[in-house]
Amino acid sequence: MSCSRFLGSVGTIIIKCKDLRIIQLDIPGMEECLNIASSIEALSTLDSVTLMYPFFYRPMFEIVEDGWSAFLPEKEFEVLSSVTDEWRLSYINKDFSICPSYPPVVIVPRSIDDETLQKVAVYRHGGRFPVLSYYHKKNGMVMMRSSQPLTGTNGRRCKEDEKLVNATLRPGKRGYIIDTRSLNAAQQARAKGGGFEQEVYYPQWRRIHRCIERFNILQESLIKLVEACNDQSHNMDRWLSKLEASNWMTYIKEILTAACLAAQCIDREGASVLVHGTEGTDSTLQVTSLAQIILDPDCRTIQGFESLLVREWLQAGHPFQQRCAQSAYSNSKQKFEAPVFLLFLDCVWQILHQFPCSFEFNEHFLVTLFEHAYASQFGTFLGNNENERSKLKLQQKTMSLWSWVNQPEELKNFQNPLFEANSLVIWPSVAPQSLQLWEGVFLRWNRPSRFLDEAEEEMRRIIDYNRFLLDKKLQASGEMAWIGSLGVKMTLSL
Amino acid sequence: MWALQSKGKNSWIEERKQLGRALSHKQCHVQYNHHLEFSRGCQRLTNHRPRQLARLQRSVLPAYPSERVEYTQLAGNPTANAAIADVSTTPFSCFYHGKLPALLPAQKISSVENVKLLDRYTNRRAASGTLYLTATHLIYVDASAEVRKETWILHHHIATVEKLPLTTAGCPLLIHCKNFHVAHFVIGQERDCHEVYTSLLKLSQPVKPEELYAFSYNPKMSKDNREIGWKLIDLKVDYQRMGIPNDYWEITDLNKDYEVCSTYPPEIVVPRAASKATVIGSSRFRSRGRIPVLSYLYKENNAAICRCSQPLSGFSARCLEDEQMLQAIREANPGSPFMYVVDTRPKLNAMANRAAGKGYENEDNYDNIRFKFIGIENIHVMRNSLQKLLEVCETKSPSMSDFLTGLENSGWLRHIKAVMDASVFLAKAVKDEKASVLVHCSDGWDRTAQVCSLASLLLDPFYRTFKGFMVLIEKEWIAMGHKFSHRCGHLDGDPKEVSPVFTQFIECVWQLMQQFPCTFEFNEHFLLEIHDHVYSCQFGNFLGTCHKEREDLKIFEKTHSLWPFLLQKKQELRNPLYRGFTAYKELQPNTLPFSFQFWCGMYNRFDKGMHPKQCVLDHLLSCMNQKIKLEDNASELENKLPFLDGPLPSEACYLSKVGCAASKTSMLNTPQDYQGEPPAVLSNGISVGDANVTSDVEQKNKENLANRRDLHRNDSVDVLNSEAKDGKPQHH
């Protein structure tokens, strides 16, 4: 794991890791110490992606299923097309020319041709035209995502964009546009050429503004939170005020609320939803992916969650390399660094905490994903979008995280013993009393976890033993039935 | 329903809980503070849910216990024949053991119709129903729901009743309970509201002790059983467990006529070396005669925790006998050359007391003591702190920032941490430094009780069992004169005497449970039950202020003890993760601020929407119950089926199978063997993967299941019998 370091005068190296761990090494001999320090420094701040660990990592396990091809959009689309024929795959972006941050294949309304898409892409920030994010099988409502429209100060409109957006509505139905920025921020964006959908041109849509913070504010929040968690002072007031001042929990609440709102529009209101912020690569993805976890039981399984991450984060172009570069201990200010993905994982943990029996995966799975997003021997989270990933030839040169995770013996560690498939929509509470600090990440290195681990183990034992008994019972009753039938047969033959 | 047998009720609760679990997924707590009007959706939801519930009940629930009809008739509500109480709002199933609570006499108001119950956090349509006042409870029956939903509030639990300004909907009545339930009623007629208001004021603040519920509560228990109940906890046995009497400590009846100290029990433990004159002399030098007595002896190294009140030292007074007393305590622990004297007050408070002729020990006057202040605030600060905390909890849709700032400003967790820090200090002094500790505050019945009991809990795993925790409360709180009656405001009295001292103790235990999930035999519900009953006055244990007063009140003759009732409910109150008595010894909790959490389950306990929608505890408890049933089932099946092991039979191998089964029949026919000899037999015929599970299980059985199993076998049969009759598991 790469690190940054501070050098003491007595040959002490303090390594601050991206997973928030802090290690102190006492090294005899000043020169050795300096050498080690500069090596660590050099190795932890590599310039080129291709020098990173994933390009040298040789797996010690046999690949059963290649993670790179486990979640192809075509496969996902097959599932969708078995329920509805209103959507189609578009290969318009196959050479990444229309939208550099989109994958080669996207799902769009069947009634919209590629020519229209091309025009819409020009009208949307970074070419991110509205695409399908989620189809709610229960009522056929959909969630789309995009980036902001480029209305500018003079309120430019784009008929093709309106056509595309409206194509997702049922006749006579209204939809909701969830703008992840405050109204104020959205209005200000017009000065820079951005903007939002105006009511006049989108009369069937109602716009709702939520306020989800952006990069540097989130990064500062993370730094403050981690600083608070590392504070060893015994002052309760100081801890609570630092926790409050970090605003981390505020952002958690805000993101969850927005996701719940989107889910509510779809499931309760029976309306379709379009989600976007500015670029549509950060807060937008937090909202769309969390809404799916709330709505779709499949996303709460391990495979389903992986698929969600691939669809809504990797293929959707969340710039992992920019966002997850240095984590909380960075000295240098990274302009694009932001714990957007960590916030998402934290929100998932909050829902998991409230619905402990509805997820196939456990907290450890989420912590592992957090670690790998920041530093990994696998290539999955390298690059900022599919375009970069294909240029880096990650599929050929590196190993996919999913190839490792999805091995049966690894999967065992990620399975939640309490899991019982729950096909319902799960509505988390967003009251402050219901949200907690994610101790598994933020306090992980600050206190011993022995007693909690033992509790986990005990729980697993209880449930495993029950399953064993249950199997046994089934087997026994099977035999009883068999004997019963045998008895009947014998009587008959007699 | 009132005369419901414990068995019937338990089973019924169990089923209701399962139903609740099934339904919890369907719940939609729409509180995402948004700008949308979702009224249509929400209404549909509220209309929809009861119907689903009703349908599920028809399919899941067996016939309602016939006793329930009694209540329906009583309430005079003919439409509610298939009445069903919402157990979640009537958490005290103990109350069901009680006799029929009579409605109030005719001249007073006893029921009001068309009363609305507002939901505190959501804007959902208010429930509408009838409010009944009985001699002991306020009962609200929601008539708007298709399914009967009842809210019960014990009069003794009512902390405040407020009449709010009249609104168009009617006259609002806000009730705050001591168990942190808040009920907001709206009564149509102002006159009715006023009458309810005045009735409740009277009913919730009895003047004479005889009016307390415990004196009328009659669970139809024989006199003998009642007396046995009181004898369940014998403090002498606990002292014996510590090895007392021994060479250094003795149990003395010096206080049998309460001449040494009126608020101590008749029998106290003092150093053998302290003569009667020393004890009497010391008692004259201690506030209210509360001399140093033993609280806990750590057998391993003879270090003791002792407790007393502040000395009457003023600025310079001293007392030879008191100095001898401390010397005797120190010398009762020959392994340590010194002892700690811990004053749990902030130094400033202790110094201020000197002006009133009280104060703290002067290190120069006592040989080899190490004096230390640990600043835990007084009862008034704690009362105000809780008040602030509750205001935060009640805030309607607060922002995260509001909540955290409010939590900080209340100071509540700071105080919890202070109590915990002090207890950890005590435990460390005893265990690591092998030094005895004498603890006091002002009178030695609030902070001292908190700290001594928590330190014992940290040091001794016995106090983390059901029985041990009861002993601990009896010993450190009840016997040693924590003024429950005043602190809990049982009677109409000085509101400045009320303080959540015991609540803080309970919370500290809960905080420990969060850090050490496998070390307690009981679960969170056990703590909540105790907390409820400290205020409920339904049982005699917590009445009065000290042992003498309880004798005067004749509580041992006239009332029941809480503990046997809690033991009856052991099944639902136990901790499934408990690893047994010997698994952990001393606990060393982390007391950094982040180790303390806000206890939503206590302070927002009745706001179900805030709690996790699926409860791991309930899930594991039902697993445990299912387990015993399955084990019984398995042995039963084995009896019927001598050749259970081996591969699933096919006709071809039938004959050979009979042959191989014969050799094992003897074992299989004695299912009891299975307890001692875990599933070696059972594991036959399962796949290799499952074999690992078996060995785990085996190990576990050997490690700690022996006593747990007994417990299950004896207690859970009732619950199990009533669980799904077809033997089909509710889960998986």
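Residues numbered from 1 in each chain as written. Chains lettered and ligands numbered in written order. Predicted model: local features only at pLDDT ≥ 70, side-chain atom pairs only at ≥ 80, totals over all residues. Heavy atoms only, no water.

Where an unreviewed UniProt entry is consulted, chain B appears under the name Myotubularin related protein 8, with the organism given as Meleagris gallopavo. What UniProt records for chain B under Sequence similarities (unreviewed entry) is the sentence "Belongs to the protein-tyrosine phosphatase family. Non-receptor class myotubularin subfamily." (UniProt positions renumbered as here; feature names shortened; annotations may be inferred.)

The name recorded for chain A in an unreviewed UniProt entry is Myotubularin phosphatase domain-containing protein, from Meleagris gallopavo. In its Sequence similarities (unreviewed entry) section, the UniProt record describing chain A reads: "Belongs to the protein-tyrosine phosphatase family. Non-receptor class myotubularin subfamily."

J.: Explain the side chain of Thr559(B) residue by residue, including any values.
T.: Residue and element names in this part refer to chain B. Position of Thr559 among the secondary structure elements: in the loop between α19 (555-558) and α20 (562-568). Classification of Thr559 as buried rests on a relative accessible area of 0%. Among residues more than four places away in sequence, those in contact with Thr559 are Ala214, Phe215, Arg226, Trp230, Gly540 and Lys554. (Helix = DSSP H or I, 4+ residues; strand = E, 2+ residues; numbered from the N terminus. Buried < 20%, exposed > 50% of the residue type's maximum accessible area, 1.4 Å probe, protein only. Contact = heavy atoms within 4.5 Å.)

J.: Can you break down the nonpolar core residue by residue, with the values?
T.: Among the nonpolar cores identified, the biggest contains 234 residues, and Phe305(A), Phe344(A), Phe442(A), Phe469(B), Ile530(B) and Tyr603(B) are the most heavily contacted of them. For this core, the element with the most residues is helix α8 (residues 248-267) of chain A, which contributes 14 residues. Residues within four places of Phe344(A) in sequence aside, it is in contact with Gln286(A), Ser289(A), Leu290(A), Ile293(A), Phe305(A), Leu308(A), Leu309(A) and Trp313(A). Leu131(B), Ile153(B), Leu173(B) and Ala183(B) belong to the second largest nonpolar core, which has 21 residues in total. (Core = buried A, V, L, I, M, F, W, Y, C linked by side-chain atoms within 4.5 Å.)

J.: Kindly report on the packing of aromatic side chains, identifying the contributing residues and their values.
T.: Residue and element names in this part refer to chain B. The final tally for this structure, using the stated rule, is 60 aromatic pairs over all chains. Taken together, a centroid distance of 5.0 Å and an interplanar angle of 90° make the contact between Trp477 and Phe502 edge-to-face. Of this pair, Trp477 sits in helix α14 (residues 466-479) while Phe502 sits in helix α16 (residues 501-515), and the two are 25 residues apart along the sequence. The burial state of Trp477 is the same as that of Phe502; both residues are buried. (Phe/Tyr/Trp six-rings, centres within 6.5 Å; stacked < 30°, edge-to-face > 60°.)

J.: Explain the sheet that holds strand β2 (residues 127-133) of chain B residue by residue, including any values.
T.: All names here are of chain B. If you walk across this open sheet you meet the seven strands as β4-β3-β2-β1-β7-β6-β5, and the pairing is antiparallel. This sheet does not close on itself; its edge strands, each paired only once, are β4 (149-154) and β5 (158-163). Each adjacent strand pair in this sheet contributes to an overall mean axis angle of 30°, direction not counted. Two strands pair when backbone bridges link them, and strand β6 (residues 171-177) and strand β7 (residues 182-187) are joined in this way by six bridges, in the antiparallel orientation. For Ile175, the partnering residue across the bridge sits in β7 and is Ala183. With respect to the sheet, helix α4 (residues 190-204) is in contact with β1 (111-118), β2, β3 (137-142), β5, β6 and β7, its orientation differing from that of β5 by roughly 155°. (Pairing = 2+ DSSP bridges. Axes fitted to C-alpha atoms, helices over the stretch in contact; angles between N-to-C directions.)

J.: Break down the domain arrangement of chain A for me, with residues and values.
T.: Residue and element names in this part refer to chain A. Domain assignment breaks chain A into domain 1 (10-45), domain 2 (73-447) and domain 3 (448-489). With seven residues of domain 2 at the contact, the number on the domain 3 side is eight residues. Buried surface at the junction of domain 2 and domain 3, both sides included, amounts to about 640 Å², of which 55% is carbon and sulfur. Contact with domain 3 buries area across many residues of domain 2, yet Pro417, Leu418 and Arg447 alone supply 79% of it, more than any other trio. Summed over the shared surface of domain 2 and domain 3, the result is zero salt bridges. Counting the contacts that link domain 2 with domain 3 gives two residue pairs in polar contact (both at pLDDT 80 or more). Of the residues contributing to the side of domain 2 that touches domain 3, the split by class is three nonpolar, two polar and two charged. (Domains from an automatic or database assignment. Buried area = accessible area lost by both parts, 1.4 Å probe. Salt bridge = Lys/Arg side-chain N within 4 Å of Asp/Glu carboxyl O. Polar contact = N/O pair within 3.5 Å; in protein donor to acceptor, adjacent residues only side chain to side chain. Nonpolar A, V, L, I, M, F, W, Y, C, P; charged D, E, K, R; others polar.)

J.: Which residues make up the UniProt feature "active site" (unreviewed entry) in chain B, and what are the values?
T.: All names here are of chain B. In the numbering used here, UniProt assigns the feature "active site" (unreviewed entry) to Cys441. You can see Cys441 is positioned in the loop between β14 (436-440) and α13 (447-459). Cys441 sits in the buried class, given a relative accessible area of 3%. With near-sequence residues (within four places) excluded, Cys441 lies in contact with Cys308, Ser309, Gln310, Asp343, Thr344, Arg345, Asp446, Arg447 and Thr448.

J.: Please give an account of the side chain of His415(B) that cites residues and values.
T.: Note that His415(B) resides in helix α12 (residues 412-431). Those residues within four positions of His415(B) in sequence are excluded, and the remaining contacts are Glu377(B), Val381(B), Met382(B), Ser385(B) and Gln504(B).

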